[in-house]
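Read off the chains here:
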Amino acid sequence: MGVMDTGAVGPPATLTVLLFVAPLLACARLGARHTALVCGGAAALALGADVAFGRPSLLGCAACGGALLLGGAITVYAAFRRAELESALTRAREVTRITQGVIQQPISRNLCGTHVRTRHHCAARESTVGGDLYDVAVTPYGLRVLVGDVRGHGLEALRLTAATITAFRELAYAEPSLPDLVTGLDTRLAAELGPEDFVTVLLAEFAPGEVRLVNCGHPAPLRAGHRVELLEPFTPTTPLGLGPEPRQCRARLQPGDRLLIYTDGLSEVRAPDGSPFPLLTEASRALREPLPEDALNHLYDRAIAHGGTPPCDDLTLVLCQPTEATVPTRAAVT
């Protein structure tokens, strides 16, 4: 009576716990079907352990089997749900990728006598569209180019980016002048922008021998011809959402000249010691490259080298170059 029958005890409790580990690991990596097979293997091992340790009691066998059955069912369901969620996430990422491609596509083509080439880096992981935006429109008034920067990051910035580009695509063909276009954009975006939201934009309109510009709080574009210079606005105005009072300026732009429009992701690059990116110097070197793609790649690589790491902010470069001979016009302000 004082001696316990080891056959009534069954496998040690630690072995039973270990048998739960395999299904748990399986549900984190495998699908429901393979997880079920692992659960079956664990149950078979439990049965084998019972036999190896001697005939278990009916109560112990039922308890062990019930625990393994319940644990197996839970892990199989967990594997099934994980596979469903991964599939849904994959579909969502694909939809996002396609949507981003519709919102903003890389450009490299001749439009109305001007070659336009873009280079864009989005700081957000697993995204191609962030707070920076650009678009082009061939309108009855000439080729119009939009480059902008939405305040903030994340989904809210993506929403405002899409809203700004959509408004530009609707209004670029209807408004006869760039100041009118800016006013229309500001009115259209009023319902989308919160109290602290704004969008800096640079609008360019290309005409024979010149480019017309309206700058609403955006970094000044850079013209590369006989020399490299910033085209600062004569009268600065505020970004969209902050009540801009746009004025248009004109600048000469002949075949062989280049106009570089960019966002502050380039102009605000800092070296590890805090020194600013020498924009005019580096742009002067980069824009000597004969091919637009090489020029933008060179400038982007120099910015990365100066900062020491990939940009932590969105960075957009748009290079425009007239390809047809035109009659020079006099620079003026309207």
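Throughout what follows, the structure given in this document is the object of discussion. (Residues numbered from 1 in each chain as written. Predicted model: local features only at pLDDT ≥ 70, side-chain atom pairs only at ≥ 80, totals over all residues. Heavy atoms only, no water.)

### Quick look at the nonpolar core
No. 1: F168, L181, L185, V199, L203 and L240 are the most contacted members of the largest nonpolar core, which has 24 residues in total.
No. 2: Only β3 (132-139), β4 (142-150), α4 (154-171), α5 (178-189), β5 (199-207) and β6 (210-216) provide two or more residues apiece to this core.
No. 3: In terms of residue count, α4 provides more of this core than any other element does, seven residues in total.
No. 4: Core analysis: the next-biggest nonpolar cluster, separate from the first, contains 21 residues, L143, V145, V211 and C249 among them. (Core = buried A, V, L, I, M, F, W, Y, C linked by side-chain atoms within 4.5 Å. Buried < 20%, exposed > 50% of the residue type's maximum accessible area, 1.4 Å probe, protein only. Helix = DSSP H or I, 4+ residues; strand = E, 2+ residues; numbered from the N terminus.)

### Observations regarding helix α8 (residues 292-307)
No. 1: Compared with the 22 Å implied by 1.5 Å per residue over 16 residues, the 23 Å span of α8 between its first and last C-alpha is a close match.
No. 2: Within α8 the residues assigned to the buried category are P292, A295, L296, L299, Y300, A303, H306 and G307. Seen along its axis, α8 keeps its buried residues to an arc of 125 degrees; they face one direction.
No. 3: Looking at the buried positions of α8, the neighbouring elements they touch are β2 (114-121), β10 (258-262), α6 (264-267), α7 (279-286) and β11 (315-322).
No. 4: Phi turns positive, to about 85 degrees, at G308, one or two residues after α8. (Expected span 1.5 Å × (residues − 1). Arc of directions from axis to C-beta. Contact = heavy atoms within 4.5 Å.)

### A short note on the layout of surface pockets
No. 1: Of the pockets and cavities examined, the largest pocket occupies roughly 300 Å³.
No. 2: In terms of lining, the largest pocket is formed by 18 residues, of which the most central are R223, E229, L231, A251 and R252.
No. 3: At the level of secondary structure, the elements contributing two or more residues to the lining of the largest pocket comprise β8 (228-230) and β9 (249-252).
No. 4: Broken down by element, the lining of the largest pocket gets its largest block of residues, four residues, from β9.
No. 5: Among the residues making up the lining of the largest pocket, the classes are represented as eight nonpolar, three polar and seven charged. (1 Å grid on protein atoms, 1.4 Å probe; cavity = no way out; pocket = protein on both sides within 12 Å on 5 of 7 lines; lining within 4 Å. Points joined across faces, edges and corners; volume = space filled by probe spheres on them. Nonpolar A, V, L, I, M, F, W, Y, C, P; charged D, E, K, R; others polar.)

### Examining the sheet that holds β9
No. 1: With antiparallel pairing, five strands are arranged side by side in an open sheet as β3-β4-β5-β6-β9. The sheet is open, and its two edges are formed by β3 and β9, each paired on a single side. The sheet shows a mean angle of 20 degrees between the axes of neighbouring strands, direction not considered.
No. 2: The pairing of β5 with β6 spans seven bridges and is classified as antiparallel. Counted as the bridge partner of L202 is N215 from β6. (Pairing = 2+ DSSP bridges. Axes fitted to C-alpha atoms, helices over the stretch in contact; angles between N-to-C directions.)

### Concerning empty space enclosed by the protein
No. 1: Under the counting rule described, the total for this entry stands at two cavities of 30 Å³ or more.
No. 2: The computed volume of the largest cavity comes to approximately 100 Å³.
No. 3: Every residue lining the largest cavity is counted, 13 residues in all, and those nearest its centre are L213, P233, F234, R247 and C249.
No. 4: Grouping the constituent residues of the lining of the largest cavity by class yields nine nonpolar, three polar and one charged.

### Topic: the sheet that holds β10
Where strands meet in a sheet, backbone hydrogen bonds hold them as pairs that are either parallel or antiparallel.
No. 1: If you walk across this open sheet you meet the six strands as β1-β2-β11-β10-β7-β8, and the pairing is antiparallel. Every other strand in the sheet has two partners, leaving β1 (108-111) and β8 as the edge strands with one partner each. Sheet twist, expressed as the average angle between the axes of neighbouring strands with direction ignored, equals 20 degrees.
No. 2: Both β10 and β11 contribute to a ladder of four bridges, which runs antiparallel. Considered in β11, the bridge of I261 is made with V318.
No. 3: α7 rests against β7 (222-224), β8 and β10 of the sheet, and its axis sits at about 135 degrees to β8.
No. 4: Of the strands in this sheet, β2, β10 and β11 touch α8, which is tilted by about 30 degrees from β2.

### Some details on the pattern of salt bridges
Side-chain pairs of opposite charge can arise whenever the charged atoms involved come near each other.
No. 1: Tallied over the full model, the rule gives 13 salt bridges.
No. 2: Between R117 and E293 there is a salt bridge, with its nearest N and O atoms 3.5 Å apart. Linking R117 in strand β2 with E293 in helix α8, this pair joins segments that are 176 residues apart in sequence.
No. 3: Notably, a salt bridge pairs R169 with D135, separated by 2.7 Å at the nearest N-O pair. Taken together, the residues span a long stretch of sequence, with R169 in helix α4 and D135 in strand β3 at a distance of 34 residues.
No. 4: What makes D135 buried here is its relative accessible area of 8%. (Salt bridge = Lys/Arg side-chain N within 4 Å of Asp/Glu carboxyl O.)

### So, the pairing of β11
Side-chain positions along a regular strand alternate between the two faces of the sheet.
No. 1: Buried residues dominate β11, accounting for eight of its eight residues.
No. 2: Where burial is concerned, the two faces of β11 agree: the one with L315, L317, L319 and Q321 and the one with T316, V318, C320 and P322 are both buried.
No. 3: Summarising the sheet, β2 and β11 pair through eight bridges and their orientation is antiparallel. Following the sheet pairing, T114 is matched in β11 by P322.

### Quick word on the environment of L240
No. 1: Mapping L240 onto the fold places it in the loop between β8 and β9.
No. 2: Distance in space between the C-alpha atoms of L240 and A190 is 8.5 Å, their sequence separation being 50 residues.
No. 3: Dropping the residues within four chain positions of it, L240 is found in contact with V182, L185, D186, L189, L193, F198, V199 and V201.

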